[in-house]
Amino acid sequence: MPGFKTHISVSTLLGIGCGAAGYACRLPLSTCLVAGGLCSLAGALPDLDSDSGTPVRELTAFLAALVPALMIPRFEQLGFNREQFVLATAIVYFTVRFGFGDLLKGCTVHRGMWHSLPAAAIAGLAAFLLVSGADLSVRLFKAGAVVLGFLSHLVLDELASVQVRRGRIRIKRSLGTALKLWTSRSVRANVSTYAKLVALIVLVIGDPYLMRHWSAPRPEVHDLSHRWSKQAEATRPRTVNPAAGSPARR
C-alpha cells in the first residue's frame, strides 16, 4: 500500500495544480494557497483510521491548529468579543487535538467506511462549513479541494491493489475497499456514515450565508424584466379617440 509520504506527495501536487487553476480563474492568491494546502492535507485524512500512531498523531496536531483558524469568520459572525474568541479557539483546539483522533480511532477500523466515497463527501461538507464566508464560489472551491485530496488517497489505494509482475496482473483482496459506497463488514458503520452525511447536508442547507445567497434577489433578472416591460410599453400602438381628443391605447 502507498505510504504516508506517497499520499501527501500526490495530494500536494494536486493542491499545487488546484491552486494554479484557481489563480488562472482570477481567484485571490491567498484563497488559492489555502485551497492548495487543504488539498494537500486532505490526501492524508483517510489515514485517520490507521492502526499506526504516527499518521493519527501528526494529522490531529495539524488539524487542531488549522480548524480554529478556519473558524475565525464563524466566531466573528457570532459576534464574539476578544475573551470569547480566545476561549472558543482553545476549546476547538483541545477538542480536536485530544478528542477527535481517539474518537475516530475508537469507532472505525482501517479501510472501513472512512475509506469510502461517502467519507469524501463528509470531508468536503465539513470543510464547506468550516471555511465560512459570504463568497459562495470561494467556499465551494476550498471544499472541492478537500474532496480532491481525499479522493486522491482512495484512488492510490485502489491502484496499489492491482500489481503487474512479469507481464501478469495480480489482484489483491484489498481491491474495492477504498472507492466504495458501503461496507459488508458492518451495517452499523454504514448507517453511522450516512447519518453523518445527511446531518452535514442539513447543516449546509441551513447555513446563514447560503440561505442569504439563495434568498437574495437577482438584480440582473429584475432589471431585464423591467427593461422588457418598458420596451413593450413604448412600442405598443396608440390610436386617437375622437371624443376625448387624446391618444387612446388600442
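Residues numbered from 1 in each chain as written. Predicted model: local features only at pLDDT ≥ 70, side-chain atom pairs only at ≥ 80, totals over all residues. Heavy atoms only, no water.

Student: Account for the pattern of salt bridges, naming residues and giving values.
Tutor: Counted under the stated rule, the structure contains two salt bridges. Residues Asp-207 and Arg-74 are paired through a salt bridge, measuring 2.2 Å at the closest nitrogen-oxygen approach. Within this pair, whereas Asp-207 is found in the loop between α8 (187-205) and α9 (208-215), its partner Arg-74 is found in helix α4 (residues 72-77), the two being separated by 133 residues in sequence. In terms of burial, Asp-207 and Arg-74 fall into one category: buried. Between Arg-139 and Asp-207 there is a salt bridge, with its nearest N and O atoms 3.0 Å apart. Taken together, the positions of Arg-139 in helix α7 (residues 136-160) and Asp-207 in the loop between α8 and α9 put the pair 68 residues apart, joining distant regions of the chain. Considered together, Arg-139 and Asp-207 belong to a single accessibility category, that of buried residues. It is possible to trace a salt-bridge network through shared partners that takes in Arg-74, Arg-139 and Asp-207. (Salt bridge = Lys/Arg side-chain N within 4 Å of Asp/Glu carboxyl O. Helix = DSSP H or I, 4+ residues; strand = E, 2+ residues; numbered from the N terminus. Buried < 20%, exposed > 50% of the residue type's maximum accessible area, 1.4 Å probe, protein only.)

Student: Kindly report on the packing of helix α2 (residues 29-42) against α7, identifying the contributing residues and their values.
Tutor: Axis separation between α2 and α7 bottoms out at 6 Å; the angle between their running directions is 25°. For the element pair α2 / α7, the angle class is roughly parallel. Read as a crossing pair, α2 and α7 show a hand that is right-handed. Residues Thr-31, Cys-32, Val-34, Ala-35, Leu-38, Cys-39 and Ala-42 of α2 lie in contact with α7, whose contacting residues are Val-138, Phe-141, Lys-142, Ala-145, Val-146, Leu-148, Gly-149 and Phe-150. Here the residues of the contact of α2 with α7 are counted per class, giving 12 nonpolar, two polar and one charged. (Axes fitted to C-alpha atoms, helices over the stretch in contact; angles between N-to-C directions. Parallel < 35°, antiparallel > 145°, perpendicular 65-115°, else oblique. Left-handed = near helix turned anticlockwise from the far one by under 90°. Contact = heavy atoms within 4.5 Å. Nonpolar A, V, L, I, M, F, W, Y, C, P; charged D, E, K, R; others polar.)

Student: Could you give me a rundown of the nonpolar core, with the residues and numbers involved?
Tutor: If you look at the biggest cluster of nonpolar residues, it comprises 36 residues, and the most contacted ones within it are Leu-45, Leu-48, Leu-63, Val-92, Trp-114, Val-146 and Phe-150. At the level of elements, α2, α3 (53-70), α5 (82-107), α6 (117-130), α7 and α8 are the ones that each hand at least two residues to this core. Counting residues per element, this core draws most heavily on α6, which supplies eight residues. Residues in contact with Leu-45, not counting those within four places in the same chain, are Leu-59, Leu-63, Trp-114 and Phe-150. Core analysis: the next-biggest nonpolar cluster, separate from the first, contains eight residues, Cys-32, Val-138, Phe-141 and Ala-145 among them. (Core = buried A, V, L, I, M, F, W, Y, C linked by side-chain atoms within 4.5 Å.)

Student: Break down a nonpolar patch on the surface for me, citing the residues and quoting the values.
Tutor: Taken together, the side chains of Leu-117, Val-155, Leu-159, Leu-179, Leu-181, Trp-182 and Tyr-194 define a hydrophobic patch exposed on the protein surface, amounting to about 650 Å² of accessible area. In this fold, Trp-182 is placed in the loop between β2 (168-171) and α8. (Patch = residues over 30% accessible without salt bridge, like charges linked within 9 Å, V, L, I, M, F, W, Y side chains within 5 Å. Areas by Shrake-Rupley, 256 points an atom, 1.4 Å probe, with all protein chains shown as cover.)

Student: Give a detailed account of the pairing of strand β1 (residues 162-165), specifying residues and quantitative values.
Tutor: Put simply, side chains in a regular strand alternate between the two faces of the sheet. Here β1 pairs with β2 via four bridges, running antiparallel. Bridged to Val-164 within β2 is Ile-169. Remark: two residues form the turn of the hairpin made by β1 and β2, two consecutive strands paired antiparallel; Arg-166 in that turn has positive phi of roughly 55°. (Pairing = 2+ DSSP bridges.)

Student: Which residues make up unusual backbone geometry, and what are the values?
Tutor: One non-glycine residue, Arg-26, lies in positive phi territory at about 70°. A relative accessible area of 79% means that Arg-26 is categorised as exposed.

Student: If you had to explain the environment of Thr-193 to someone new, which residues and values would you point to?
Tutor: With respect to the element layout, Thr-193 can be found in helix α8. Since its relative accessible area comes to 10%, Thr-193 is described here as buried. In this structure the C-alpha to C-alpha distance between Thr-193 and Trp-114, which are 79 residues apart in sequence, comes to 8.2 Å. Setting aside its immediate chain neighbours within four residues, Thr-193 contacts Met-113, Pro-118 and Ile-122.

Student: How would you explain the packing of aromatic side chains if you had to name every residue and give the values?
Tutor: All chains considered together, the criterion is met by five aromatic pairs. An angle of 85° between the planes, with centres 5.3 Å apart, marks the rings of Tyr-93 and Phe-94 as edge-to-face. By relative accessible area, Tyr-93 is classed as partly exposed at 30%. The class of Phe-94 is partly exposed, set by a relative accessible area of 49%. Seen in terms of ring centroids, Trp-114 and Phe-150 are 5.5 Å apart; in terms of plane orientation they differ by 90°. Their pairing is edge-to-face. With Trp-114 in the loop between α5 and α6 and Phe-150 in helix α7, this residue pair connects regions lying 36 residues apart in the sequence. Considered together, Trp-114 and Phe-150 belong to a single accessibility category, that of buried residues. Put simply, the rings of Phe-75, Phe-80 and Phe-85 touch in pairs and so form one group of aromatic residues. The ring of Phe-98 has Arg-97 lying over it, and the distance from NZ or CZ to the ring centre is 5.3 Å. Its end group placed over the ring of Phe-128, Arg-139 keeps NZ or CZ at 4.1 Å from the ring centre. (Phe/Tyr/Trp six-rings, centres within 6.5 Å; stacked < 30°, edge-to-face > 60°. Lys NZ or Arg CZ within 6 Å of the ring centre and 35° of its normal.)

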